[in-house]
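Structural features, examined
Next come the chains, spelled out residue by residue.
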Amino acid sequence: MRPVWLVQLLKMTFGGRFLLARATRAPLIGALVDRWLFAGDDLFYLPADRVVMAQSRRTIPVGLPVEASADVVLPSQVVEHFIEQAGFHWLMHTCICREASRCQDYPIDLGCLFLGEAAAGINPRLGRRVTKEEALAHVRRCRAAGLVHLIGRNRLDTVWLGVGPGDRLLTICNCCPCCCLWRVLPHVADRIGERVTAMEGVTVAVSDRCVGCGTCTQSVCFVDAIHMDGDRAVIGDACRGCGRCAEVCPQEAIEVTVAHGRFVEESIARITPLVDVRSPSFRTQTG
Ligand code: SF4
Ligand code: SF4
Ligand code: SF4
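Residues numbered from 1 in each chain as written. Chains lettered and ligands numbered in written order. Predicted model: local features only at pLDDT ≥ 70, side-chain atom pairs only at ≥ 80, totals over all residues.

Some remarks on the overall build of the protein
Along the protein, the regular secondary structure elements total 12 helices and 11 strands. The globule rule puts the C-alpha radius of gyration for 287 residues at 19 Å, and the 19 Å found for the protein is close to it. Restricting to contacts in the protein with at least 6 residues of sequence separation, those with at least 24 account for 80%. (Helix = DSSP H or I, 4+ residues; strand = E, 2+ residues; numbered from the N terminus. Rg over C-alpha atoms; globule rule 2.2 N^0.38 Å. Contact = placed C-beta atoms within 7 Å.)

Pasting the structure below:
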């Protein structure tokens, strides 16, 4: 368990994270930091439900009612599956990133949710154990506030929180485009950046409807993956498929597609072997 003063110190140095991130591009530093803070990690962004809903409405075949989109499978079901499964739910009192950055645009009180028994070791002055229902209400509030879920195993969290083991701690981050720690992704060594990806099967593309207004390039993308090339927006390889740029485009020119209908099952299958969030008694019964 980490003392609160250490967390305060981390907040005070938060502004230097881009410098530290760039230092990992030196091969030796990158290898050490990767091993210390990111070994075994697998995290991915979920596109916002409302983006997937909006896209499905656009692609409903002519003749079918718009209500047909009510059946669409939503990325948030991945998050809610693990909340339902978990035997221990822990909510941080604040979002440390937004608090450290004095965020003006997104709520500071909507922070990380941790699942799994390792979260029981987090300093109780930083958060509290919550019920499954409170955890579900929290992630719904986050989505309503325009935050985007990042989910997966994250060794960095076990280190700064002083808890473990890593295979008993699932991170659910609720990210803003402005202050989130993961804005360092374009700056870190590739071997670290590759551990944080888009959800399987998600593609984001700019269509011919783009009129070159530039709205999508104005502090919308947390990894700076979208830029203008002449009179058209272009999305680069750094894209993590969050869908924020699609939300702001006045022409609905950015298309976020999920390749197949089984993405929820496949995303769950990707995380399940990495982190066991169930309670110990449940594991004993089921093996
Ligand atoms: S990782 Fe996301 S939810 Fe967690 S503290 Fe940072 S911005 Fe907030
Ligand atoms: S906001 Fe839409 S129309 Fe404007 S540049 Fe971006 S993709 Fe093109
Ligand atoms: S390019 Fe768009 S979808 Fe990709 S990470 Fe940036 S804002 Fe998200």
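A word on the site of ligand 2
In the neighbourhood of ligand 2, 13 residues make up the surrounding shell, with Cys210, Cys213, Thr215, Cys216 and Cys249 lying closest. Looking at the shell around ligand 2 residue by residue, the class counts come to nine nonpolar, four polar and no charged. (Near = placed C-beta within 6 Å. Nonpolar A, V, L, I, M, F, W, Y, C, P; charged D, E, K, R; others polar.)

So, the packing of helix H5 (residues 76-85) against helix H7 (residues 132-144)
Two numbers describe how H5 lies on H7: the axes approach to 9 Å, and their chain directions differ by 160 degrees. The orientation of H5 relative to H7 falls into the category roughly antiparallel. H5 and H7 meet at a crossing whose hand is right-handed. Side by side, H5 and H7 meet where Ser76, Val79, Glu80, Ile83 and Glu84 of the first sit next to Lys132, Ala135, Leu136, Val139 and Arg143 of the second. Here the residues of the contact of H5 with H7 are counted per class, giving five nonpolar, one polar and four charged. (Axes fitted to C-alpha atoms, helices over the stretch in contact; angles between N-to-C directions. Parallel < 35°, antiparallel > 145°, perpendicular 65-115°, else oblique. Left-handed = near helix turned anticlockwise from the far one by under 90°.)

Let's talk about the site of ligand 1
In the vicinity of ligand 1, the contacting residues are Cys95, Ile96, Cys97, Arg98, Gly111, Cys112, Cys173, Asn174, Cys175, Cys180 and Leu181. Of all the elements in the fold, those that place two or more residues in the shell around ligand 1 are helix H6 (96-101) and strand S6 (170-175). Within the shell around ligand 1, the residues separate by chemical class into eight nonpolar, two polar and one charged.

Remarks on the pairing of strand S5 (residues 148-153)
Among the six residues of S5, six are classified as buried, and the element is accordingly described as predominantly covered. Bridging between strand S1 (residues 42-45) and S5 involves four bridges; their strand directions are antiparallel. Among the inter-strand pairings, Asp42 is bridged to a residue of S5, identified as Arg153. As judged from the five bridges shared by S5 and S6, these two strands associate in the antiparallel manner. Residue His149 lies in a different strand from S6, and its bridge partner there is Asn174. (Buried ≥ 20, exposed ≤ 12 C-beta atoms within 10 Å, placed from the backbone. Pairing = 2+ DSSP bridges.)

Brief notes about the pairing of strand S10 (residues 232-235)
In this sheet, S10 lies alongside strand S9 (residues 226-229) in antiparallel orientation, the contact comprising four bridges. Pairing of His227 across the sheet is with Val234, part of S10.

Considerations on the nonpolar core
Ranked by size, the top nonpolar core spans 77 residues in total, and within it Phe114, Leu115 and Ile254 carry the most contacts. Setting aside anything within four residues of it in sequence, one finds Ile254 in contact with Val204, Val206, Cys216, Cys245, Ala246 and Cys249. (Core = buried A, V, L, I, M, F, W, Y, C linked by C-beta atoms within 7 Å.)

Topic: the confidence of the model for the protein
In this model, the protein carries a mean pLDDT of 91, and residues with pLDDT of at least 70 account for 93%. The low-confidence segment residues 60-69 (pLDDT under 50) makes seven contacts with residues lying over four places distant or belonging to another chain. (pLDDT = per-residue confidence, 0-100.)

Here we look at the packing of H5 against helix H11 (residues 263-271)
Interaxial distance between H5 and H11 falls to 9 Å at its minimum, and their mutual angle equals 45 degrees. Between H5 and H11, the crossing angle belongs to the class labelled oblique. Considering only the axes of H5 and H11, their crossing is right-handed. Facing H5, whose interface residues are Gln77, Val78 and His81, H11 presents Val264, Ser267 and Ile268. Of the residues in the contact of H5 with H11, the class split is three nonpolar, three polar and no charged.

Focus: the environment of Val196
In this structure, Val196 sits in strand S7 (residues 196-198). Residue classification places Val196 among the buried positions, given that 21 C-beta atoms sit within 10 Å. Sequence separation between Val196 and Glu80 is 116 residues, and the spatial gap between their C-alpha atoms is 20 Å. Residues contacting Val196, with those up to four places away along its chain left out, are Leu43, Trp182, Leu185 and Arg240.

Quick look at the sheet that holds strand S2 (residues 89-92)
The strand order across the open sheet formed by seven strands is S4-S2-S3-S6-S5-S1-S7, and the pairing between neighbours is mixed. Both edges of this open sheet fall to strand S4 (127-130) and S7, since each of them pairs with a single strand only. Averaged over all pairs of adjacent strands, the angle between strand axes in this sheet comes to 25 degrees, irrespective of strand direction. Sitting on the sheet, H5 touches S2, strand S3 (113-115), S5 and S6, and the angle it makes with S5 is about 50 degrees.

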